Amino acid sequence: MILPVRKAVIPAAGLGTRFLPATKAVPKEMLPIVDTPTIQLVIDEAARAGIRDVIVVNGRGKGAIEDHFDHAYELEHTLRSRGKNAEADALAGITRLARIISVRQHQPLGLGHAVLCAREAVGDEPFAVLLGDDLIADQGRPGIGQLIDIHAATGAGVVSIMEVPEGKEHMYGIVAGDWADGRLRIREMVEKPRPGTAPSRWAIVGRYVLPPAIWPMLASTKAGHGGEIQLTDGLKGLAASSEGLYGAVIDGERHDAGDRLGYLRANLAYALARADLREPVMEMMREVLEQHSGKVGG
Ligand code: UTP
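Calculation rules
Residues numbered from 1 in each chain as written. Predicted model: local features only at pLDDT ≥ 70, side-chain atom pairs only at ≥ 80, totals over all residues. Heavy atoms only, no water. Helix = DSSP H or I, 4+ residues; strand = E, 2+ residues; numbered from the N terminus. Rg over C-alpha atoms; globule rule 2.2 N^0.38 Å. Buried < 20%, exposed > 50% of the residue type's maximum accessible area, 1.4 Å probe, protein only. Contact = heavy atoms within 4.5 Å. Lys, Arg positive; Asp, Glu negative; His and termini not counted. Charge placed at Lys NZ, Arg CZ, Asp CG, Glu CD. Expected span 1.5 Å × (residues − 1). Core = buried A, V, L, I, M, F, W, Y, C linked by side-chain atoms within 4.5 Å.

Here's the deal with the overall build of the chain
Alright, step 1. In terms of regular secondary structure, the chain is built from 11 helices and 13 strands.
Alright, step 2. Taken against the 2.2 N^0.38 rule, which gives 19 Å for 298 residues, the C-alpha radius of gyration of the chain at 20 Å falls within 12% of a compact globule.
Alright, step 3. The C-alpha extent of the chain, read off along each of the three principal axes, is 60 × 50 × 35 Å.
Alright, step 4. Going through the 298 residues of the chain one by one, you find that 46% of them count as buried.
Alright, step 5. In the chain, once contacts between residues fewer than 6 apart in sequence are set aside, the share between residues at least 24 apart is 75%.
Alright, step 6. A distance of 3 Å separates the average location of the 34 positive side-chain charges in the chain from that of its 38 negative side-chain charges.

Here we look at helix 11 (residues 278–292)
Alright, step 1. Between its terminal C-alpha atoms helix 11 stretches 21 Å, which fits the 21 Å expected from 15 residues at 1.5 Å a residue.
Alright, step 2. Of the residues one or two after helix 11, Gly-294 is the one with positive phi, at around 85°.

So, the environment of Met-171
Alright, step 1. Note that Met-171 resides in the loop between strand 8 (157–163) and strand 9 (173–180).
Alright, step 2. Relative accessible area serves as the criterion here: at 46%, Met-171 is assigned to the partly exposed category.
Alright, step 3. Separated by 24 residues in the primary sequence, Met-171 and Pro-195 have C-alpha atoms spaced 9.6 Å apart.

Observations regarding the nonpolar core
Alright, step 1. With 39 residues, the main nonpolar core has Ile-39, Ile-43, Ile-51, Leu-130 and Ile-144 as its most contacted residues.
Alright, step 2. Listing elements by their share of this core, those giving two or more residues are strand 1 (7–12), helix 1 (38–48), strand 4 (53–58), strand 6 (127–130), strand 7 (134–137), helix 7 (143–154), strand 12 (245–248) and helix 10 (260–272).
Alright, step 3. What Ile-51 contacts, discounting residues up to four positions off in sequence, is Val-5, Arg-6, Lys-7, Ala-8, Ala-46, Ala-128 and Ile-148.

Comments concerning the environment of Leu-235
Alright, step 1. Following the sequence through the fold, Leu-235 ends up in helix 9 (residues 231–240).
Alright, step 2. Overall, Leu-235 belongs to the buried group, its relative accessible area being 1%.
Alright, step 3. In this structure, the C-alpha to C-alpha distance between Leu-235 and Asn-85, residues 150 residues apart in sequence, is 47 Å.
Alright, step 4. When residues no more than four places from it in sequence are discounted, the contact partners of Leu-235 are Val-159, Met-189, Ile-204, Tyr-208, Leu-210, Ile-214 and Leu-245.

Okay, here's the thing in structure tokens:
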């Protein structure tokens, strides 16, 4: 019997070195896209896919994430007393998005280790993993929901994959295998391959649905690339199992908000997608481009 996916894990305990100094005290998952923390957009995606329990793996600055998803009675009360009921309702809605369970990763020992920290909270059932700094703007079925559909059909683990430009393979976990029914049966997996050695240009990105069989595989994984416990190393075990592991391309626009350029791009894309901001943002971009064109290095 294939169990439904009811829980999601969001690892948010990385150091966020690419975003220092902003991430000195605030986790990068709390940095806003226009006016909403990236992690709220990610939890909204999970909630729309039917997930009720979200396990956030926290590191430093965890208070900010916990407070964000907790009730803010004083703030709500003050807003209502000033007639700002819509704003107060929106704040109250954040706490209803999901039931948040917080677990701690005491040291940033890698993504695989962060996921393993959620083992007890997840237990013996399939679960989703959504990276808190990876955004997927969808037009219908949420990104993680698309992977859940494949899991419901196969009972196997599923990871989201994306074709990356030639020469960028060394920045990702790269997979290769056989395509059938619009999905890749993964046979080979390499974490951040050395330039020129990647078996394909298909990279694992930000969304996973994993069966509980991953737990012992992660628990026995030794520190690999960069001295960290990589999720990819645990995934290799699933790919070699009889159930297998699939890769699927999610329909939606993906943004790597954990990277400075990707973050700026996500802000622009989300602002342009909003009716109240589209025109003023276009106008602002034209002005900024006009003022700054030709000035770089000058
Ligand atoms: P990244 O490699 O993008 O995050 O990890 P990072 O290490 O924080 O970023 P940089 O490279 O230093 O700028 C992917 C995801 O895994 C989480 C991160 O929070 C991010 O959401 N992560 C990573 C953990 O929770 N724990 C870790 O030990 C490592």
